[in-house]
Amino acid sequence: MAFNSNKFIKIMKILQSSGYLPYLWALFRGVTAGVEHTSALRGLKCRTVIDIGANRGQFALVTRRCFPRALIVSFEPLVGPAKIFRVLFQKDPNVIFHQKAIGPDKGEMILHVAAENDSSSLLPITPLQNRMFPGTYETRTEMVNIGPLNEFVETDKIVSPGMLKLDVQGYELQALRGCENLLEKFSYVYVECSFVELYSGQALAGDIIAWLGERGWSLNGIYNMTCDSKGKSVQADFLFDNLCFASAE
């Protein structure tokens, strides 16, 4: 089991959400804002955020608080979370939602749905995932639509500075490849990566760092590290800077 369990993290998130009305409104609807991302976002200035793997809007809630005027374009292929997301942001004119997954090719794919639906993945869920995070075993599958980012977002919609955020449960490298045509438009990439194989065939943190490094991206910081009971790193959120943007400033 992971050292900082899902239950403990959820309690801390609820406590941190108690002083902000939109977070409380979301809690009333069963959505806990991803307040753990605040420290990574606080020092940035973003006018566009592409939110891939939006689930029920946990990250989008924090994005809206950190960047009140930013355009948020969110992607979530799973039916249940997509419905909740739409309810939460139905009155926000600067949120665009697509019930799609992002990957290199356009078509349909099988999504492995976990008991805790924010652990669902386009890759098969390994037994290690459920041991580390109890309650994340596969319960069923769902066919979802998928395609490259440029199928859904026009280039001129990504106003600089922009952030590309990915939380796709092991499908990070494939999703990044689906964004490659638009990657140069972003100032930041914020992506959850694993150090161990929680989903069958997933690329690990080192693979993601290398892939982005080859395309002119530099690791800026590591946030929200999760460790197992022996202190071994399991996963974390990685923030990357676009060196082309950095050198131009």
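What counts and how
- Residues numbered from 1 in each chain as written.
- Predicted model: local features only at pLDDT ≥ 70, side-chain atom pairs only at ≥ 80, totals over all residues.
- Heavy atoms only, no water.
- Pairing = 2+ DSSP bridges.
- Helix = DSSP H or I, 4+ residues; strand = E, 2+ residues; numbered from the N terminus.
- Axes fitted to C-alpha atoms, helices over the stretch in contact; angles between N-to-C directions.
- Phe/Tyr/Trp six-rings, centres within 6.5 Å; stacked < 30°, edge-to-face > 60°.
- Lys NZ or Arg CZ within 6 Å of the ring centre and 35° of its normal.

Peer 1: Would you take a moment to explain the sheet that holds strand β10 (residues 233-242) for this structure?
Peer 2: Note: strands within a sheet are paired through backbone hydrogen bonds, in either parallel or antiparallel orientation. As summarised here, the arrangement of the 7 strands in space is β3-β2-β1-β7-β8-β10-β9, forming an open sheet in which the pairing is mixed. Every other strand in the sheet has two partners, leaving β3 (95-98) and β9 (217-227) as the edge strands with one partner each. This sheet shows a mean twist of 15 degrees between the axes of neighbouring strands, independent of strand direction. The pairing of strand β7 (residues 162-166) with strand β8 (residues 188-194) spans 4 bridges and is classified as parallel. Bridge pairing in β8 places L166 opposite V191.

Peer 1: Explain the packing of aromatic side chains to me, please; I cannot follow it from the model alone.
Peer 2: For any pair of aromatic rings, the description consists of the separation of the ring centres together with the inter-plane angle of the planes. For the coordinates displayed, the defined rule picks out 6 aromatic pairs. Here the aromatic residues F85, F89 and F97 are joined through ring pairs into a cluster of three or more. Positioned over the ring face of W211 is R215, at 3.9 Å from the centre of the ring.

Peer 1: Any chance you could explain the pairing of strand β6 (residues 138-147) here in plain terms?
Peer 2: The two faces of a sheet get side chains in turn, since along a regular strand they alternate between them. Pairing geometry for strand β4 (residues 101-102) and β6, over 2 bridges, is parallel. Bridging across to β6, I102 finds its partner in G147. Judged from the 8 bridges that link them, strand β5 (residues 107-114) and β6 form a sheet pairing that is antiparallel. Its bridge partner lying in β6, E108 is registered against N145.

Peer 1: Help me understand the pairing of β9 in this model?
Peer 2: Alignment of β9 against β10, held across 8 bridges, turns out to be antiparallel. Paired with C227 across the strands is S233, a residue of β10. Connecting β9 to the next strand, β10, in antiparallel fashion are 5 residues, including G231 with a positive phi near 90 degrees.

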